[in-house]
Amino acid sequence: MSLIRDVKKKKEFSGLPDSVVARVLNEVGGRKSVVGGRFQIKEARSLLRKYFGVFLTNRVLKFGSRRSDVVGREILKTHMSSKKRDYQKFYDKIFGVIGNRQLEIKSVVDLGCGVNGFSYEYLPEGVNYVGVEAAGQLVDMMNDFFAEKGFDAKAVCMDLFDVENVVGILKKARKDRIVFLFQVVDALESVERNFSLKLIGAVMKECEVLVISVPLVSLGGGKKFAVKRKWLMDYLESEFVVDRDFEMFGERVIRIHK
């Protein structure tokens, strides 16, 4: 427990659930037969920066001290993964006719949402939004923003590896439900191989539609990834209906339903 507390002394990691920090410490601890506490703390912070650093930079966290009514569009322009998106076009492509019928989406559950909650105004009118995010600072910022704007939305600080609680959120969401899993799969797989398939399987039991995105280029936009993620597509195509598969804003976007 003391190592977890020591890792979280750094401001950018202070809002992470203990379970996330413990998992990373365990991963670091398995690398050497004898590991000093100081080494573990340093390596754990390094890994956490890899997983969450893109969300917890000073450029993002500084918005927490500003009035929430001026944050939304500015933070989307600042953040590395969101500033590439034209959210209006992005969501227009995701929603609409699904399968052979027009679903009346009432709820959006955004897993590993990052700063996506600040794009609420671009979602279809009247939907309830729940953003699930491990970075507690972002959760607080989004909830302040939602309250200031009067949006039907909230953010929850949660570890996505806590599948039972993730499913619990979906069970409470109004139908029809659409789940977002944007640029999260690779991070999950880097911690536990095939965990993303487990999560997708559990989520699909409690939602009508799931939209997954994976990056095609580096966050800086200069490097294209050669990874095809065949293992992911084989699973999705064997278990569900893939009704949209397109590239947009440096991402491959896959929409599935039962």
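Residues numbered from 1 in each chain as written. Predicted model: local features only at pLDDT ≥ 70, side-chain atom pairs only at ≥ 80, totals over all residues. Heavy atoms only, no water.

Novice: Sorry if this is basic, but what is going on with the overall build of the protein here?
Specialist: Counting its regular elements, the protein contains 11 helices and 9 strands. The burial tally for the protein puts 52% of its 258 residues in the buried class. For the protein, contacts bridging at least 24 residues in sequence account for 66% of all contacts bridging at least 6. (Helix = DSSP H or I, 4+ residues; strand = E, 2+ residues; numbered from the N terminus. Buried < 20%, exposed > 50% of the residue type's maximum accessible area, 1.4 Å probe, protein only. Contact = heavy atoms within 4.5 Å.)

Novice: Where do I start with the packing of helix α8 (residues 163-172) against helix α10 (residues 195-204) in this structure?
Specialist: Packed helices, taken two at a time, are described by their axes: the angle between them and the distance between them. Two elements in contact, α8 and α10, have axes separated by 10 Å at closest approach and are oriented at 30°. Taken as axis vectors, α8 and α10 run roughly parallel relative to one another. Classified by chirality, the crossing of α10 by α8 is right-handed. Here α8 contributes V163, V166, V167 and L170 to the contact with α10, which in turn contributes F195, L199, A202 and V203. For the contact of α8 with α10, the per-class residue count stands at 8 nonpolar, no polar and no charged. (Axes fitted to C-alpha atoms, helices over the stretch in contact; angles between N-to-C directions. Parallel < 35°, antiparallel > 145°, perpendicular 65-115°, else oblique. Left-handed = near helix turned anticlockwise from the far one by under 90°. Nonpolar A, V, L, I, M, F, W, Y, C, P; charged D, E, K, R; others polar.)

Novice: I tried to follow the packing of aromatic side chains on my own but got confused; where do I start?
Specialist: How two aromatic rings sit relative to each other is given by the distance of their centres and the angle of their planes. Tallied over the entire structure, the rule returns 18 aromatic pairs. On the basis of an interplanar angle of 55° and a centroid distance of 5.4 Å, the ring pair of Y87 and Y91 is categorised as tilted. Here the residue Y87 and the residue Y91 both occupy positions in helix α6 (residues 87-94), the gap between them amounting to 4 residues, near one helical turn. Among the residues examined, Y87 registers a relative accessible area of 4% and is labelled buried. Taking the relative accessible area as the measure of exposure, Y91 reaches 1% and is therefore buried. An angle of 65° between the planes, with centres 5.7 Å apart, marks the rings of F145 and F151 as edge-to-face. Residue F145 is classed as buried on the basis of its relative accessible area, which comes to 2%. In textbook terms, an aromatic cluster arises when at least three aromatic residues are bridged by ring pairs, as seen for Y87, F90, Y91, F95, Y122, F180, F182 and F249. (Phe/Tyr/Trp six-rings, centres within 6.5 Å; stacked < 30°, edge-to-face > 60°.)

Novice: Whenever I open this one, the sheet that holds strand β7 (residues 209-215) confuses me. Can you help?
Specialist: Strands in a sheet are paired, the pairing made by backbone hydrogen bonds, and the direction either parallel or antiparallel. Within the open sheet, the 7 strands sit side by side as β5-β4-β3-β6-β7-β9-β8. Their pairing is mixed. At either end of the open sheet lies a strand with only one pairing partner, and these are β5 (153-157) and β8 (241-248). Going across the sheet, the axis of each strand differs from the next one's by a mean of 15°, ignoring polarity. Summarising the sheet, strand β3 (residues 107-111) and strand β4 (residues 128-133) pair through 5 bridges and their orientation is parallel. In the sheet register, V108 faces β4, and the bridge partner there is Y129. This element, α6, spans β6 (177-182), β7, β8 and β9 (251-257) of the sheet and lies at about 160° to β8. Set on the sheet, helix α7 (residues 136-149) makes contact with β4 and β5; between it and β5 the angle comes to about 165°. (Pairing = 2+ DSSP bridges.)

Novice: Please explain helix α2 (residues 18-29) as it appears in this structure.
Specialist: In an α-helix, one turn spans 3.6 residues; hence positions three or four apart end up facing the same way. Counted at 1.5 Å a residue, the expected span for α2 with its 12 residues is 16 Å, and the 16 Å between its end C-alpha atoms agrees. Listed in full, the buried residues belonging to α2 are V20, V21, V24, L25 and V28. Angularly, the buried residues of α2 cover 130° about the axis, an arc narrow enough to put them on a single face. (Expected span 1.5 Å × (residues − 1). Arc of directions from axis to C-beta.)

Novice: I keep staring at the confidence of the model for the protein and nothing clicks. Help me out?
Specialist: Of the residues in the protein, 77% reach a pLDDT of 70 or more, and the chain-wide mean stands at 82. Taking the mean pLDDT of every element in the protein, the minimum, 52, falls on helix α4 (residues 58-61) and the maximum, 98, on β3. (pLDDT = per-residue confidence, 0-100.)

Novice: Please clarify how the pattern of salt bridges should be interpreted in this entry.
Specialist: It is possible for side chains of opposite charge to pair when their charged atoms get near one another. This model, assessed by the stated rule, comprises 11 salt bridges. The residue R174 makes a salt bridge to D152 at a minimum N-O spacing of 3.4 Å. With R174 in the loop between α8 and β6 and D152 in the loop between α7 and β5, this residue pair connects regions lying 22 residues apart in the sequence. D186 is paired through a salt bridge with R229; the nearest N and O atoms lie 2.7 Å apart. Separated by 43 residues along the polypeptide, D186 in helix α9 (residues 185-191) and R229 in the loop between β7 and α11 (230-239) bring together distant segments of the chain. Under the relative-accessibility criterion, D186 is labelled partly exposed at 32%. Linked through salt bridges whose partners overlap, the residues forming this network are R177, E206 and E208. (Salt bridge = Lys/Arg side-chain N within 4 Å of Asp/Glu carboxyl O.)

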